[in-house]
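Coordinate analysis (summary)
Here is how the chains run, residue by residue.
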Amino acid sequence: MSSLTPHPHYSVHPPRWLWRALVMTATVVVATIFIWRTMGLLTGLITNLVIALFISLTIEPMVRWLVQHGWKRGAATGAVMFTSLLAVAGMFAMFGKLFVDQAMDLVRSAPDIYESLREFALERFKTELPEESELVNQIVQEWGTDVTSRVLDLGSSVLGFIFSAAMIGLVLYYLTAAGPRFRASICGWLAPKNQAVVLELWEVTQTKVSDFINSRVVLAGLSAASTFVFFTIIQVPYALPLALFTGIVSQFVPTIGTYIGGALPILLTLSESTVKAIAVLVFIVLYQQVENYWFSPKISERALAMNPAVAFIVVIGFGAVFGPLGAFLGLPVAATIQAIATTYLRRHELIDSALLRDDEMRGDEAKKTAVRAARDGDTGDGSPQDS
C-alpha cells in the first residue's frame, strides 16, 4: 500500500511575498482614500489656482509685449492687472448706476410682470399659472423658517468671495511676474528632450487659451453692445442688464446660449407687447447669423475651433461637477486639452468612403461622373456613343 507524498514545493506556511503584498495593498488603499478626501477638502483652493492659471495665460501676451519694449516683468504684470481693473471700474462707473437702477426696477416690477404673464398664458393657451401669493407663501415656507442661517450663509459667501478674489489676484501676480523663473524651475527637474516638449506644450496651451478667452470676451462685448442698442431703439425696459445677460450667456454657454440669453428679454417684452417680443426674437436670430458668418470667423480665426456638441457637453459636465464656475472654466479646459491633442496626436489621411461625405457631396460626385462619361462618349451601357 503506497502513501501519498507531499509535493516537494508544497508548504503549510504562506509565501514570504504575501505579507509584503498585503501591506503594499493596504498602504495604496489608505493613501488613495487620503488623497481623495484631501482633494475634496481642497476643491476651493484648486479651483482658485486654476482660475489664476488661466487668467495668467490670458494676460501673458500683453505682459510679454511690455517686457519686449523695456519694461521689468513685475512692473509689466502690475500694469496689465491694474489696467484691467481700471477698465472694469470704468465700465461700472459709466454703466453701473444705470445697471443698478434698471436691475432694481426689474426686481420691483417682477410681480406686475408675472401677473401679465399669467393673464397672457390664460388668454392665449388656456393655462392657469399659480398666483403670486401662492409663490410667495411657498418661498416663505421654504426660507422663512431658516432666515438666520440663510443670512449667515450669505455673509460667509461674501467673505469667501473676497478672500478668493484676493488669493486669485496674489497668485496671478506672482505666477505671471515669475513666468520664466517658474517654467525654469519646472524644467530643471526634466531631461533636456523633455524640457523642449514641456516648453512647446506650454506655448501651445498659452496661445490657444489666450486666443480662445479673448475671442469669447470680444464676442460677448459685441453681442451685449448690439443688443443694448437694439433694445434701446425699440424701447425694451431694463435694456442694459438684459443686454449684458444676453451677451455673456450667448458666448459662454455654447450652442444654445444665444437662445437661453434671449429667452428672458422675450418673456419680459411679451408681457408688454407681442410685437416687441417678435422683434426681439427676430433680432436674436438675425444677430446669431451675423455673428456666425461674419464676427466669429474674423475674431476667432486664431482661436481653437471646437465642435458645438462637444463644447455643450463639456459645459454641462463641468457645471454638474464643479457648479457655475466649472461651467465657465469648462471651455478653456477643453480648449487646452484639444490644443494638446492637436499638437501631439497624429492625424491620418482619410480613406475614400461614402460615409465620410454628405448626400449632397455624393450627388455632386455622381453629376461629375456623368459629365465625364458624356464627354468621353460613354452611353452608360458600355457602348460608345454614336456620332
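What counts as what
- Numbering of residues begins from 1 in every chain and follows the order in which that chain's sequence is written.
- This being a predicted model, a pLDDT of at least 70 is required before a residue's local features are given, and a value of 80 or more before pairs of side-chain atoms are given or counted; all residues contribute to the totals for chains, interfaces and linings.
- Side-chain figures throughout are based on the complete set of non-hydrogen atoms in the structure, without hydrogens or water.
- For helices, the fitted line uses only the C-alpha atoms of the stretch in contact; every axis is such a line through C-alpha atoms, and the angle between N-to-C directions lies from 0 to 180 degrees.
- Helix numbering and strand numbering both begin at the N terminus, where a helix is a DSSP run of H or I of at least 4 residues and a strand a DSSP run of E of at least 2.
- By definition, turning the near helix anticlockwise from the far helix through less than a right angle yields a left-handed crossing, and turning it clockwise yields a right-handed one.
- Contact criterion: two residues are considered in contact whenever any of their non-hydrogen atoms come within 4.5 Å of each other.
- Amino acid classes used here: Ala, Val, Leu, Ile, Met, Phe, Trp, Tyr, Cys and Pro are nonpolar; Asp, Glu, Lys and Arg are charged; the rest, including Gly, are polar.
- Should an angle fall under 35 degrees it is taken as roughly parallel, and over 145 as roughly antiparallel, whereas 65 to 115 is taken as roughly perpendicular and any remaining angle as oblique.
- Here a helix's expected span is defined as the number of its residues, less one, multiplied by 1.5 Å.
- Relative accessible area decides the class of each residue, using a 1.4 Å probe on protein chains only: under 20% of the type maximum gives buried, over 50% gives exposed, and in between gives partly exposed.
- Looking at any residue, its pLDDT shows the predictor's confidence there, from 0 to 100.
- Only rings of Phe, Tyr and Trp enter the pairing, Trp through its six-membered ring, and a pair is recorded when the two centres are within 6.5 Å. The plane angle decides the type: under 30 degrees is stacked, over 60 is edge-to-face, the rest tilted.
- Here, a salt bridge means any side-chain nitrogen of Lys or Arg that lies within 4 Å of a carboxyl oxygen of Asp or Glu.
- Put simply, a patch holds well-exposed residues, over 30% relative accessible area, that have no salt bridge, with like charges counted together within 9 Å and Val, Leu, Ile, Met, Phe, Trp or Tyr side chains within 5 Å.
- In these tables, accessible area is a Shrake-Rupley quantity obtained with a 1.4 Å probe, and a residue counts as shielded only by the protein chains included in the view.

On to the packing of helix H8 (residues 192-233) against helix H9 (residues 239-252), then. The geometry of H8 relative to H9 is characterised by a closest axis approach of 8 Å and an angle of 145 degrees between their N-to-C directions. For the pair H8 and H9, the sense of crossing is right-handed. Contact residues: H8 offers Arg216, Val217, Leu219, Ala220, Ser223, Ala224, Thr227, Phe228, Phe231 and Thr232, while H9 offers Ala239, Leu240, Leu242, Ala243, Leu244, Thr246, Gly247, Ile248, Ser250, Gln251 and Phe252. Broken down by class, the residue content of the contact of H8 with H9 amounts to 13 nonpolar, seven polar and one charged.

A few words on the packing of H8 against helix H11 (residues 274-299). At their nearest, the axes of H8 and H11 sit 11 Å apart, and the two run at 150 degrees to each other. By the angle class used here, H8 and H11 are roughly antiparallel. Taken as a pair, H8 and H11 cross one another with a handedness that is right-handed. Across the interface between the two elements, Ser215, Arg216, Val218, Leu219, Leu222, Ser223, Ser226, Thr227, Phe230 and Phe231 from H8 touch Ala279, Val280, Phe283, Tyr287, Glu291, Phe295, Ser296 and Ile299 from H11.

This part takes up H9. Every α-helical turn comprises 3.6 residues, leaving residues that sit three or four positions apart pointing alike. Taking 1.5 Å per residue as the helical rise, H9 with its 14 residues ought to reach 20 Å, and the 20 Å between its terminal C-alpha atoms agrees with that figure. The buried fraction of H9 amounts to eleven of the 14 residues, a majority that puts the element mostly inside the structure. Those residues of H9 not exposed but buried are Ala239, Leu240, Pro241, Leu242, Ala243, Thr246, Gly247, Val249, Ser250, Gln251 and Phe252.

With 42 residues, H8 extends 61 Å from end C-alpha to end C-alpha; this agrees with the ideal 62 Å at 1.5 Å per step. Immediately downstream of H8, the backbone of Gln235 shows phi near 60 degrees, a positive value.

With 76% of its residues at a pLDDT of at least 70, the protein reaches an overall mean of 77. Mean pLDDT values for the elements of the protein range from 57 in helix H13 (residues 359-375) up to 87 in helix H7 (residues 179-187). Counted against residues more than four places away or in other chains, residues 378-387, with its pLDDT under 50, gives eight contacts.

In this structure the tally under the stated criterion is seven aromatic pairs. Between Tyr173 and Tyr174 the ring centres are 5.4 Å apart and the planes differ by 80 degrees, which places this aromatic pair in the edge-to-face class. Plain terms: the ring middles of Phe230 and Phe231 are 6.3 Å apart, the flat faces sit at 55 degrees to each other, and that makes the pair tilted. Assigned by exposure class, Phe230 and Phe231 land together as buried. A network of ring pairs unites the aromatic residues Phe230, Phe231, Phe283, Tyr287, Trp294 and Phe295 as a single cluster.

Further remarks concern the environment of Ala279. Relative to the helices and strands, Ala279 is located in helix H11. Taking the relative accessible area as the measure of exposure, Ala279 reaches 26% and is therefore partly exposed. Here the alpha-carbon distance between Ala279 and Phe231, two residues 48 residues apart in the chain, equals 9.7 Å.

In this fold, Ser223 is placed in helix H8. Apart from residues no more than four positions distant in its own chain, Ser223 is found in contact with Thr246, Gly247, Ser250, Gln251, Tyr287 and Glu291.

Time to look at the pattern of salt bridges. Tallied over the entire structure, the rule returns three salt bridges. A salt bridge links Glu203 to Arg64, with the nearest nitrogen and oxygen atoms 3.6 Å apart. Of this pair, Glu203 sits in helix H8 while Arg64 sits in helix H2 (residues 43-68), and the two are 139 residues apart along the sequence. Overlapping salt bridges bring together Glu60, Arg64, Arg73 and Glu203 as one network.

Another point: a nonpolar patch on the surface. A surface patch of nonpolar side chains, amounting to about 770 Å² of accessible area, comprises Phe34, Ile35, Met39, Leu41, Leu42, Leu45, Ile46 and Leu49. Mapped onto the nonpolar patch, the elements with two or more residues apiece are helix H1 (16-41) and H2. Per-element accounting of the nonpolar patch gives the leading share, four residues, to H1. Summarising the element assignment, Leu49 is placed in helix H2.

Now for the environment of Glu131. Structurally, the position occupied by Glu131 is in the loop between helix H4 (110-125) and helix H5 (132-143). In this structure the C-alpha to C-alpha distance between Glu131 and Glu115, which are 16 residues apart in sequence, comes to 7.9 Å. Setting aside its immediate chain neighbours within four residues, Glu131 contacts Tyr114 and Arg118.

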